Structures are given as C-alpha cells and as structure tokens.
Amino acid sequence: MTSGRVIHNLALVGFMGTGKSSVGQLVAAQLHFRFADTDELIEARAGKTISAIFTGEGEPQFREYERAVVDELKNFHRTVVATGGGLVTSEENLNSLKTHALVICLWAAPETIWERVRNQTHRPLLQASDPLAKIRQLLAEREPFYRRADVLVSTDLRSLKEVVHHVIHQFRLARGHPSHP
Ligand code: S3P
C-alpha cells in the first residue's frame, strides 16, 4: 500500500455480483462504520433508477454521475462504500478513492458471478442475449483495473462470513490495528 495515506474509509470495488453490498453492510456493522452504496447515492441524486438512467440518458451520463459521487466520497469518514462494478475502470476514480480509503476488490470467476446474478434484472449491462459471454468479456477487460486495488479477495470458495472476516482483517492491518485471530 502507498505510504502516507490516511485511511478513513473502506471502499469495496469489483465486478457485479461479487457481493460488495452484502459484504459491505456486514463489515460496516462490525466496524461500527456507516454504509454507503454509490449506485444508491446516484439514484438519490438523479431521482431515478440506474436502469432508467442507462435507458434515458445513456451510459456516459451514468459515468458522469458516478464521477460526481466519487468526488463527494472524499468528505466521508468511517464509512464502508460499495461501488458500482464499472466505477474503478476510471483511473481518476480509483486514485480518488485511494486518497481516503483502503480499496479492496472482491473477485469471482465468471461462472460464479453468473450464478449469483442470473435471477436479477436490475443490471442494464447484463441485459444481453448471452449474459455469461458478456460477463466473461467485461471481466477480462476490467481485470487490469481491479488488480490495481490495494487488496484482492477471492470470494469463489469463501462463505459470506469468511469474506467479511477477511476484509475486516485486511482493513485493520492497513490501519495498523491487526485483529487477533
Ligand atoms: C455496473 C455495475 C452496477 C451499476 C451499473 C453499472 C458496471 O453496479 O453501477 O449497472 O458497469 O459493472 P453493481 O456492481 O453494484 O451491480
């Protein structure tokens, strides 16, 4: 991790369906931090759902809302933030998060992701004729960005509880307060 950083917050990044929101809420509760979700902040600011933004205004405008929310996060303290799956494909967004947060990427294989999201309909980027192929393609394109996180946590073979435990351990280590097993 880059030295000289002040870590007030914890940012969870990674592909759709890797568990950022579920993990983030449990981590926040255990750390006695607040929980925020960039998609929810965008929906509140825009007054419409993510799907409606993609349909009505297009992806570039959605990315602009995302950039504005990333800017707002600089003023957050003691917060666990779950970020939208494409947010860190902007280097500027990732660098901004790193100024105040430890950035942890949750990782999963395309097949695991597909199992987790196949019954959900709220993700416009997965409304494709072959969603698994789309997941494979997007994940391959985004992997170099996800690898720039401070910590990479694989969720494929871990239970939710184990992922939460691991994330908290990494966060405490980064802040210089290791948790005792
Ligand atoms: C997106 C992921 C979604 C949401 C939007 C775009 C992406 O968030 O921000 O649909 O580009 O991967 P989740 O990762 O929370 O599903």
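Look up a bit, the structure's there.
Let us look at the structure shown here. Please read these numbers as outputs of a predicted model, since none were measured by experiment. (Residues numbered from 1 in each chain as written. Predicted model: local features only at pLDDT ≥ 70, side-chain atom pairs only at ≥ 80, totals over all residues. Heavy atoms only, no water.)

## Examining the site of the ligand
Thinking step 1. Around the ligand sit 13 residues, and of these Lys-20, Asp-39, Arg-63, Arg-123 and Arg-142 come closest.
Thinking step 2. Between the ligand and the protein, one listed contact pairs an oxygen atom with a side-chain N or O atom of Asp-39 at 2.7 Å.
Thinking step 3. Between Arg-63 and the ligand, the recorded distance is 2.7 Å, taken from a side-chain N or O atom to an oxygen atom.
Thinking step 4. Contact with the protein chains hides 94% of the accessible area of the ligand, taken as 390 Å² for the molecule alone.
Thinking step 5. Considering only residue class, the shell around the ligand consists of five nonpolar, three polar and five charged. (Near = heavy atom within 4 Å. Polar contact = N/O pair within 3.5 Å; in protein donor to acceptor, adjacent residues only side chain to side chain. Areas by Shrake-Rupley, 256 points an atom, 1.4 Å probe, with all protein chains shown as cover. Nonpolar A, V, L, I, M, F, W, Y, C, P; charged D, E, K, R; others polar.)

## A few points about the pairing of strand E1 (residues 9–14)
Thinking step 1. Most of E1 sits inside the fold, with six of its six residues counted as buried.
Thinking step 2. Residue alternation in E1 divides its side chains into two sets, Asn-9, Ala-11 and Val-13 and Leu-10, Leu-12 and Gly-14, and both sets are buried.
Thinking step 3. Two elements, E1 and strand E4 (residues 101–107), share six bridges in a ladder whose sense is parallel. Each residue of the ladder has a partner; that of Leu-10, found in E4, is Leu-102.
Thinking step 4. Pairing of E1 with strand E3 (residues 79–82), which is carried by three bridges, proceeds in the parallel orientation. Note on E3: the bridge partner recorded for Leu-10 is Val-80. (Buried < 20%, exposed > 50% of the residue type's maximum accessible area, 1.4 Å probe, protein only. Helix = DSSP H or I, 4+ residues; strand = E, 2+ residues; numbered from the N terminus. Pairing = 2+ DSSP bridges.)

## Focus on unusual backbone geometry
Thinking step 1. Within the chain, His-32 stands out as a residue other than glycine whose phi angle is a positive 60°.
Thinking step 2. Positioned with a positive phi, Arg-78 is a non-glycine residue whose angle comes to about 45°.
Thinking step 3. By secondary structure assignment, the location of Arg-78 is in the loop between helix H4 (59–73) and E3.
Thinking step 4. The class of Arg-78 is partly exposed, set by a relative accessible area of 45%.

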